[in-house]
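What the coordinates show
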Amino acid sequence: MAENIDVVVIGAGPAGYPAAIRAAQNGLSVVCVDSWKNRDGAGALGGTCLNAGCIPSKALLESTELLHRAQGEFAAHGIKLGSIALDLAVMQKRRASIVRNMTGGIGSLFKAAGVTAIFGHGKLLADRHVQVTGHDGSRREFAAGNVVLASGSIPTELPALPFDHERIVDSWDALEFTAVPGKLCVVGAGVIGLELGSVWRRLGAEVVVLEALDRFLAIADQQLATEAARQFKKQGLDIRLGARVTGATSADGKVSVSYTDKSGAQTLSVDKVIVAVGRRPYTADLLAPDSGVRIDERGFIQVDAQCRTGVERVWAVGDCVRGPMLAHKGKEEGVAVADQIAGRYAHVNYDVIPSVIYTAPEIAWVGRTEEQLKSAGIAYKSGVFPFAASGRARAMEAAAGFTKILAASDTDTILGVHIIGPMAGELIAEATLAMEFQASAEDLQRTIHAHPTLAEGLHEAALAVDKRAIDSINR
Ligand SMILES: Cc1cc2nc3c(=O)[nH]c(=O)nc-3n(C[C@H](O)[C@H](O)[C@H](O)COP(=O)(O)OP(=O)(O)OC[C@H]3O[C@@H](n4cnc5c(N)ncnc54)[C@H](O)[C@@H]3O)c2cc1C
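Residues numbered from 1 in each chain as written. Predicted model: local features only at pLDDT ≥ 70, side-chain atom pairs only at ≥ 80, totals over all residues. Heavy atoms only, no water.

What follows is about the sheet that holds strand β21 (residues 414–421). Strand order across the open sheet formed by five strands is β17-β18-β21-β20-β19, with antiparallel pairing between neighbours. A strand with exactly one partner marks an edge of an open sheet, and here the two such strands are β17 (355–357) and β19 (380–386). On average, each strand axis in the sheet is tilted by 10° relative to the strand beside it, whichever way the strands run. Pairing analysis gives six bridges linking strand β18 (residues 362–367) to β21, with the strands arranged antiparallel. By the bridge assignment for β21, Ala-364 is matched with Ile-419. The strands touched by helix α11 (residues 424–436) are β17, β18 and β21; relative to β18, the strand with the most contacts, the crossing angle is about 10°. (Pairing = 2+ DSSP bridges. Helix = DSSP H or I, 4+ residues; strand = E, 2+ residues; numbered from the N terminus. Axes fitted to C-alpha atoms, helices over the stretch in contact; angles between N-to-C directions. Contact = heavy atoms within 4.5 Å.)

Dropping the structure here:
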């Protein structure tokens, strides 16, 4: 006998768990089922982001950046330390404990909101029935008023480089190395590849990044990408563009990676290979053949702009649907769907989604790049302010990079903001808010920013849009 319930959410990642909590806040009865199993076989909430993505990667980025600064910058501040040693086991223990704490926190949030969590596999049947098979083998069936599919994504595997999870690894494996590899190959110079490459480079690994595209960080504004490439080179990341991996062989504890570039066939001998070429939507055994939900040719669940699948009151959100694979994009979709289910107004503004790369310097942007504006034929003005002219950045010994604002030539509306420099991931929030409110460069010019702060870079870049910057030379 199926149990009646208002909402079943399949997946408790950053798209699914906010949907479940908001639906419960809206007074609905909610079950959220998640199949994630940690290394020890125990179920955990939070999906990729909390267990194997955003959170553990940021924990390691923070720790390794501290080590790097202690080694390279403290002396400039006049701080003399004895020898600085790495204790990787402690660093990894800290990472694991942050993950445990955060994933456990979702359990507490569920309890407080009245969401019933089930560890197990969910499958959508016909007529909004959901079959749940618990990790303990138990079976339940729900007759749901609404179903939210939030099954997320998994790493893309290269046929030429299949994971053995020992030497040829995915991003989750790469967060859990127990020793620093002597030489590391990262395949893919995207966000995840650059973050993981930075972590292990700072810990002493020799890192070669192979990127198939000829252009570095093609998704970013190219002025930003050029500066990023310069900074990464200075840090010793060996980034090779136009390098297409063709195969790999493992022998005597080493992996020999074959690739081709413009000079022909190449090989590279390394201790480990991290394959970070992207992620693909995960829908394995999620949909019964008669569920009615459609998958597109790239494996994404088909949805409209409101995340409706086309089957009445079945919705899909997060990495398993179109759009950028970002935790905050999934969260907004999950919350919006839960509000729509309750008959409330909801809207996701896909034009204003910030992106952050948590390297050092950090890289962040929102809105359109110069290249996108040019190809769309939109006339724009550009204002750039270097962190070298920021008193706060100088005080932080972190003056590399700049803030750049692009505004429409006719209306002055801000069209894009691109930051490379200290705390760019935090600073982009102001730009995102400005764009959400359709602010003009003049609005930012007239907003008082505390001195000395990194955020003054936004103020000055907005002034530079009209060649009125005070603290840097207008060009
Ligand atoms: C190394 C790394 C770093 C990242 N860093 C960032 C970052 O800094 N910022 C950012 O925004 N994004 C980051 N991401 C991306 C981010 O993790 C994803 O965009 C986000 O997790 C997607 O959320 P989701 O809820 O759609 O899917 P997921 O987080 O993948 O969660 C889906 C959940 O559904 C479960 N599930 C799947 N099928 C079923 C089923 N049939 N039954 C029950 N449960 C099921 C899965 O087990 C999983 O727990 C990172 C990713 C990686 C790998």
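Asp-34, Thr-48, Lys-58, Gly-122 and Ala-327 are the nearest of the 36 residues found near the ligand. In the model, a nitrogen atom of the ligand is placed 3.5 Å from a nitrogen or oxygen of the His-121 side chain. When isolated, the ligand has an accessible area of 1000 Å², and the protein chains bury 95% of it. Every element with two or more residues in the shell around the ligand is listed here: β2 (30–34), α2 (47–52), α3 (54–72), β3 (116–124) and α8 (327–341). Looking at which element gives the most residues to the shell around the ligand, the answer is α2, with four residues. (Near = heavy atom within 4 Å. Polar contact = N/O pair within 3.5 Å; in protein donor to acceptor, adjacent residues only side chain to side chain. Areas by Shrake-Rupley, 256 points an atom, 1.4 Å probe, with all protein chains shown as cover.)

Right, let's get into the pairing of strand β1 (residues 3–10). Across seven bridges, β1 lies against strand β5 (residues 139–149) in parallel orientation. Counted as the bridge partner of Asn-4 is Ala-143 from β5. In this structure, β1 lies alongside β2, joined through four bridges in parallel fashion. Looking across to β2, one finds that Val-9 is bridged to Cys-32.

With that settled, consider the side chain of Asp-221. By the secondary structure assignment, Asp-221 is in the loop between β9 (206–210) and α7 (222–234). Within the structure, the side chain of Asp-221 is placed 3.1 Å from the backbone nitrogen of Gln-223, a separation counted as a polar contact. Setting aside residues no more than four positions away along its own chain, Asp-221 makes contact with Thr-369, Glu-370, Glu-371, Lys-404, Leu-406 and His-418.

Here Thr-432 lies in helix α11. Not counting residues within four places of it along the chain, the set of residues in contact with Thr-432 comprises Val-352, Pro-354 and Val-366.

Moving on to the pattern of salt bridges. In this structure the tally under the stated criterion is 22 salt bridges. We note a salt bridge from Arg-322 to Glu-333, for which the minimum N-O separation is 2.9 Å. Here the residue Arg-322 occupies a position in the loop between β16 (314–316) and α8, and Glu-333 occupies one in helix α8, the gap between them amounting to eleven residues. According to the relative accessible area criterion, Glu-333 is buried, its value standing at 0%. Here Glu-370 and Lys-404 are joined by a salt bridge, their closest N and O atoms 2.4 Å apart. Here Glu-370, found in helix α9 (residues 370–375), pairs with Lys-404, found in strand β20 (residues 402–408); they are 34 residues apart in sequence, far enough to count as distant. (Salt bridge = Lys/Arg side-chain N within 4 Å of Asp/Glu carboxyl O. Buried < 20%, exposed > 50% of the residue type's maximum accessible area, 1.4 Å probe, protein only.)

Judged by nonpolar contacts, the single largest core of 34 residues is most densely connected at Leu-184, Trp-200, Phe-216, Leu-217, Ile-274 and Ile-363. Leave out the neighbours within four places in its chain, and Ile-363 touches Leu-217, Leu-224, Ala-228, Phe-232, Ser-355, Val-356, Ile-357, Ile-419, Ile-420 and Ala-424. Counting residues in each nonpolar core, the second largest holds 27 residues, with Val-352, Val-356, Leu-458 and Val-465 among its members. (Core = buried A, V, L, I, M, F, W, Y, C linked by side-chain atoms within 4.5 Å.)

Moving on to helix α1 (residues 16–25). A large share of α1 lies buried, amounting to eight of its ten residues. The inward-facing, buried residues of α1 abut β1, β2, α4 (88–113), β5 and α8. At the C-terminal side of α1, Gly-27 shows a positive phi close to 90°.

Below, the discussion takes up the sheet that holds strand β7 (residues 168–169). Strand pairing within a sheet occurs via backbone hydrogen bonds; the two strands may be parallel or antiparallel. As summarised here, the arrangement of the five strands in space is β7-β14-β8-β9-β10, forming an open sheet in which the pairing is parallel. Single-partner strands in this sheet number two, and they are β7 and β10 (238–240). Bridge count between β9 and β10: three bridges; the pairing is parallel. For Val-209, the partnering residue across the bridge sits in β10 and is Ile-239. Of the strands in this sheet, β8 (183–187), β9, β10 and β14 (272–275) are in contact with helix α6 (residues 191–202), which crosses β9 at around 165°.

Bringing the pairing of strand β11 (residues 244–251) into the picture now. The pairing of β11 with strand β12 (residues 254–261) spans seven bridges and is classified as antiparallel. Along β12, the bridge assignment pairs Ala-251 with Lys-254. Counting the residues between successive antiparallel strands, the hairpin from β11 to β12 contains two residues, one of them, Asp-252, with a positive phi of roughly 50°.

Scope: geometric values only; no functional claims are made or implied.
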